[in-house]
Each structure stands twice: as C-alpha cells, then as structure tokens.
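Chain by chain, the residues run as shown.
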Amino acid sequence: MKQEGTKKRQGKLIIIAAVLIAVGISIFYLLKSGTYESTDDAQVDGNIVPVRSSVTAYLKEIHFNDNEYVRQGQLLITFDTIELQAKVTEAKAALESAKANLNIAENKSSASTETVNAYVQTSQAGFQGIRSAKINLEKAQTNFDRFSKLLKIKGATQEQFENSHTALLIAQSDYVKAVNQYQSSLSSSDSYKSQAKAEQNQIELARADIKQREAELTLVQNQLEHAYITAPCSGIVTKRAVQKGQYVSAGQSLCVVIDTKHLWISANFKETQLSKIKAGQNVEIKIDALSNLKLKGIVESNSGATGAKFALLPPDNATGNFIKIVQRVPVLISLSGLTKDINSSLYPGLSAFVKVKIK
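As the structure is a computational prediction, the values presented were derived from the model and not from experiment.

Enquirer: What's the story with the overall build of the chain in this structure? I'm lost.
Expert: What the chain contains, in helices and strands, is 4 helices and 12 strands. For the chain, buried positions account for 28% of its 359 residues. Put simply, 80% of the contacts in the chain that link residues at least 6 apart link residues at least 24 apart. When the accessible surface of the chain is split by element, carbon and sulfur atoms take 54% of a total near 23500 Å².

Enquirer: What should I look at first to understand the environment of K134 in this one?
Expert: Structurally, K134 can be placed in helix α2 (residues 82-152). Assessed through its relative accessible area of 43%, K134 is described here as partly exposed. Between the C-alpha atoms of K134 and A171, which are 37 residues apart in sequence, the distance is 7.9 Å.

Enquirer: Explain the packing of aromatic side chains to me, please; I cannot follow it from the model alone.
Expert: In this description, an aromatic ring pair is defined by two values, namely the gap between the centres and the angle between the planes. Counting across every chain of the model gives 1 aromatic pair. Just above the ring of Y36 sits the side chain of K355; from NZ or CZ to the centre is 4.7 Å.

Enquirer: Please explain the sheet that holds strand β7 (residues 247-248) as it appears in this structure.
Expert: Adjacent strands of a sheet pair through backbone hydrogen bonds, lying either parallel or antiparallel. Here 4 strands make up an open sheet; going across it, the order is β5-β4-β2-β7 and the pairing antiparallel. Lying at the two open borders of the sheet, with one neighbouring strand each, are β5 (228-230) and β7. Two elements, strand β2 (residues 57-62) and strand β4 (residues 75-79), share 3 bridges in a ladder whose sense is antiparallel. Pairing of I62 across the sheet is with I77, part of β4.

Enquirer: Would you mind going over unusual backbone geometry with me for this structure?
Expert: One non-glycine residue, N67, lies in the positive phi region at around 65°. Turning to its location among the elements, N67 is positioned in the loop between β2 and β3 (68-70). For N67, a relative accessible area of 56% translates into the label exposed. Backbone geometry at K239 places phi at a positive 55°, although glycine is not the residue there.

Enquirer: Looking at this model, I keep getting lost on the pattern of salt bridges. Mind explaining?
Expert: Pairing between side chains becomes possible if they bear opposite charge and their charged atoms approach one another. Counting across every chain of the model gives 8 salt bridges. Note that E204 is salt-bridged to R207, the shortest N-O span being 3.3 Å. Of this pair, E204 and R207 both sit in helix α3 (residues 158-225), 3 residues apart, which is roughly one turn of the helix. A relative accessible area of 37% places R207 in the partly exposed class. In this structure, K355 engages E284 in a salt bridge whose closest nitrogen and oxygen atoms are separated by 3.7 Å. With a gap of 71 residues between them, K355 in strand β12 (residues 351-357) and E284 in strand β9 (residues 282-287) connect regions that are remote in the sequence. With a relative accessible area of 28%, E284 lands in the partly exposed category. Put simply, D209, R213 and E216 are held in one network by salt bridges that share partners.

Enquirer: Got a minute to help me understand a positive patch on the surface in this structure?
Expert: On the surface, a cluster of positive charge is contributed by K286, K294, K296 and K357. Counting through the fold element by element, K286 comes out in strand β9.

Enquirer: How should the side chain of S334 be read in this particular structure?
Expert: By the secondary structure assignment, S334 is in strand β11 (residues 328-336). Here E300 takes part through its side chain, which lies 2.8 Å from a polar atom of the side chain of S334. Excluding residues that lie within four positions of it along the chain, S334 makes contacts with W264, K296, G297, I298 and E300.

Enquirer: Sorry if this is basic, but what is going on with the pairing of strand β10 (residues 290-302) here?
Expert: On a regular strand, one side chain projects to one face of the sheet and the next to the other, so that they alternate. Bridge count between β9 and β10: 6 bridges; the pairing is antiparallel. In the strand pairing of β10, I287 is matched with L290. Between β9 and the antiparallel strand that follows it, β10, lie 2 residues. Looking at chain direction, β10 and β11 are connected through 6 bridges and run antiparallel. Opposite K296, over in β11, you have S336 as the bridge partner.

Enquirer: Teacher, can you tell me more about the nonpolar core here?
Expert: If you look at soluble globular proteins, the nonpolar side chains tend to sit buried side by side. Counting 33 residues, the largest nonpolar core has L59, F64, L76, I77, F79, L254 and C255 as its most contacted members. Elements with a contribution of two residues or more to this core: β2, β4, α2, α3 and β8 (253-270). Of all the elements, α2 adds the most residues to this core, at 7 residues. Apart from the residues within four sequence positions on either side, I77 is in contact with L59, E61, H63, F64, A227, Y228, I229, V242 and L254.

Conventions we followed
- All residue numbers refer to position in the chain's written sequence, counted from 1.
- With pLDDT at 70 or above as the cut-off, local features in this predicted model cover only qualifying residues; side-chain atom pairs require 80 or more to be listed or tallied, and sums for whole chains, interfaces and linings still use all residues.
- Water and hydrogen atoms were dropped before computing side-chain values, which therefore reflect all heavy atoms in the structure.
- Comment: elements are numbered from the N terminus, with helices defined as DSSP H or I runs of at least four residues and strands as E runs of at least two.
- Exposure classes here rest on a 1.4 Å probe applied to the protein chains alone. A residue is buried below 20% of its type maximum, exposed above 50%, and partly exposed in between.
- By definition, residues are in contact when any of their heavy atoms lie within 4.5 Å.
- Residue-level accessible areas treat just the shown protein chains as cover; the underlying method is Shrake-Rupley with a 1.4 Å probe.
- Note on aromatic contacts: the rings of Phe and Tyr and the six-membered ring of Trp form a pair at centre separations within 6.5 Å, being stacked when their planes are under 30 degrees apart, edge-to-face when over 60 apart, and tilted otherwise.
- A ring is considered to have a charge above it if a Lys NZ or an Arg CZ atom is located within 6 Å of its centre and within 35 degrees of its normal.
- Note on pairing: two strands pair once DSSP finds at least 2 bridges between them.
- Salt bridge, as used here, is a side-chain nitrogen of Lys or Arg placed within 4 Å of a carboxyl oxygen of Asp or Glu.
- Here, patches come from residues exposed beyond 30% relative accessible area and free of salt bridges, joined within 9 Å for like charges and within 5 Å for nonpolar side chains (Val, Leu, Ile, Met, Phe, Trp, Tyr).
- In this tally, Lys and Arg are treated as positive and Asp and Glu as negative; His is ignored, and so are the chain termini.
- For the purpose of locating charges, the reference atoms are NZ of Lys, CZ of Arg, CG of Asp and CD of Glu.
- N or O atoms within 3.5 Å of each other form a polar contact, as long as, within protein, one can give a hydrogen and the other can take it, and as long as residues adjacent in sequence are counted only when both atoms are side-chain atoms.
- Among buried residues, those of type Ala, Val, Leu, Ile, Met, Phe, Trp, Tyr and Cys that are joined through side-chain atoms within 4.5 Å constitute a nonpolar core.

Honestly, it's all geometry; don't read function into it.
This is the structure in structure tokens:
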C-alpha cells in the first residue's frame, strides 16, 4: 500500500511537471511571437543587367560562355570595326577641312579689313585734298575778281586778266576732281566694309561648321568604342542571344549579366504587419536552398505601394466584384556579414524566410 501511494504521488508530480513545462513553453512562444514579425513570402533579389548593342554591325568575336563568371570591365563581345573606323577617318578629314576653311575665312577677313583701313585713309586724304582745292579755288576767284576790276580801270593788262581766268578754271576743275575722288573713296570704303562684315560672318559659319564636325567625330568615336562590349558589373553572364558573324542592329539584346555582389532580400509582408516594421530593425534570414545557413539583415525601406499596384494588370476594386484580400507590401532588407563563399552561393530568385525583430 505504501508503494502504491508513492507511485501515485510520483505520477502526480510528473503530470504537474509536464503541465508546468507545457505552460512555460507556451508562454515562451507567446512572448517570442510578439517579438518578431515573419513571412515566407520572400526571396533573394539583385540587379539583372541586360546588355544591348549600341551599334549596327557584324558580330566579330564572342569572348565568354553562357553562365560564366566575369569581372566588371571584362571584354564580352567585339564587333567588326572596319566601317566604323572608316567613318572616324572620314569625320577627322571633315574636321581638318573645316579648320582649313576657318583659316581661309580669317585671312580673307584680315585682307578685307586692311583694304577698308586703306580706303579710310584715302578718304581722309581726299577730304584734305578738298580743303586744299577749295582754298586754291577761293584764291583764284579772288584774283580773278580783282583783275576784272583792274582791267575796267586799265589797272591790269588783258594778259593778266586771262591768266587769272585760266587759273580760276583750273582751280574749279581741281576742286570738282577732289570732291569726286573723295566720294569715290567713300563709296569704295563702304563697299569693302560690307565685304569685311560678310567675311566676318563667314568666320562665324566656319567656326560653327568646326563644332558640327567635332560633334560628328565624337559621335563616331563613341560608336567605335561601343563596338567593344564590356561587362557592366561583376557577376554571371547568361542568356546569350547572338552568334558569331551575326548582323546585329543597335538596341538588340546581346546577353544578361547578373550582379552577384550586390544582393538583398525582397520580403512581402501583410499590410497588417507593416505598422510594426520600421527601417533599421534587425532581421533573421533563412534561405530555403541553404538550410544550414542563417543570415543577418537590416530593414532598409518599403516600396511605398502594395505589390498589386505594380502588377501588369492592377485589380480595380470599383468593378462591383469586390472580394477583400489581405494585401502585401514589398520590403527591402539589406544583407550583412556576407563572406565570399556565402555570396557565391546566393542567386536572385532563391526563396527565403525572414523574421524582423520588432521589440
């Protein structure tokens, strides 16, 4: 009887201990559930960079194999450059021709300016000639008038009178000649001024032509540089869409480079969870493909709109067939503490499970 009583007491103690353990575990998970917000609607994300052709030419060489790791700046594709190099040579020749035309225009303008200056000086000299001829004319007129009066009173001879008259006629002719020469020099000066202005305009046109030729040369040199396609980032090159010898058009897709160095997690949380998730909170991350790997992260930001708004055909709740569905908002989580080995094991698109510590 005593042994039976002991066994009963032991059984009760075991039951009580089991209940206490169960209550403790329940309390632990209850407290823990209020410490984290989690979701399995998450995946590894990264930059997938499409590589497109910037030139229209035949593809000469392909320097990579599909799914090969490449480094940023590594040569991937080479186009045939014979036509592009010819265009560069042609553009350089056109630029040299434009510079030569500028020199010719500057020389012509300089010559026209010198001619204008010469005619200005000639005009000034002609003006002085007019003044001199006018003085001589006035003097000859005075002498003629004086000898006319003296002849009437027999104070001068007929020869003196005639000589004064001849001198007056010559002075009048010289004055008219000086005026005509002055007007002619003014007219020529105006004409050469207009020509000089036109030559100056030719200089501006030549300079504008040089700028145009320089722009054309820059353009074809840029096209020649783009005949050598390099990796935009370090990562895996894949989805090759062209073959050696193929004629490729500008804008055509060539391949894709997946940036495996800069990765993050895109987690889609329910709208009811979002109010508790803030930037800067710590995150625990598990990758489905790497079950033994636990990663750390930090909440960076959210997309600012639900995933449905980014869909190809966003739902319209005003159609009348409304069924309320809990929406999800993409949250960006940065990864921390990644090593080279871990980084090489992660790929965009891998499924993940995340827990955000909210307390």
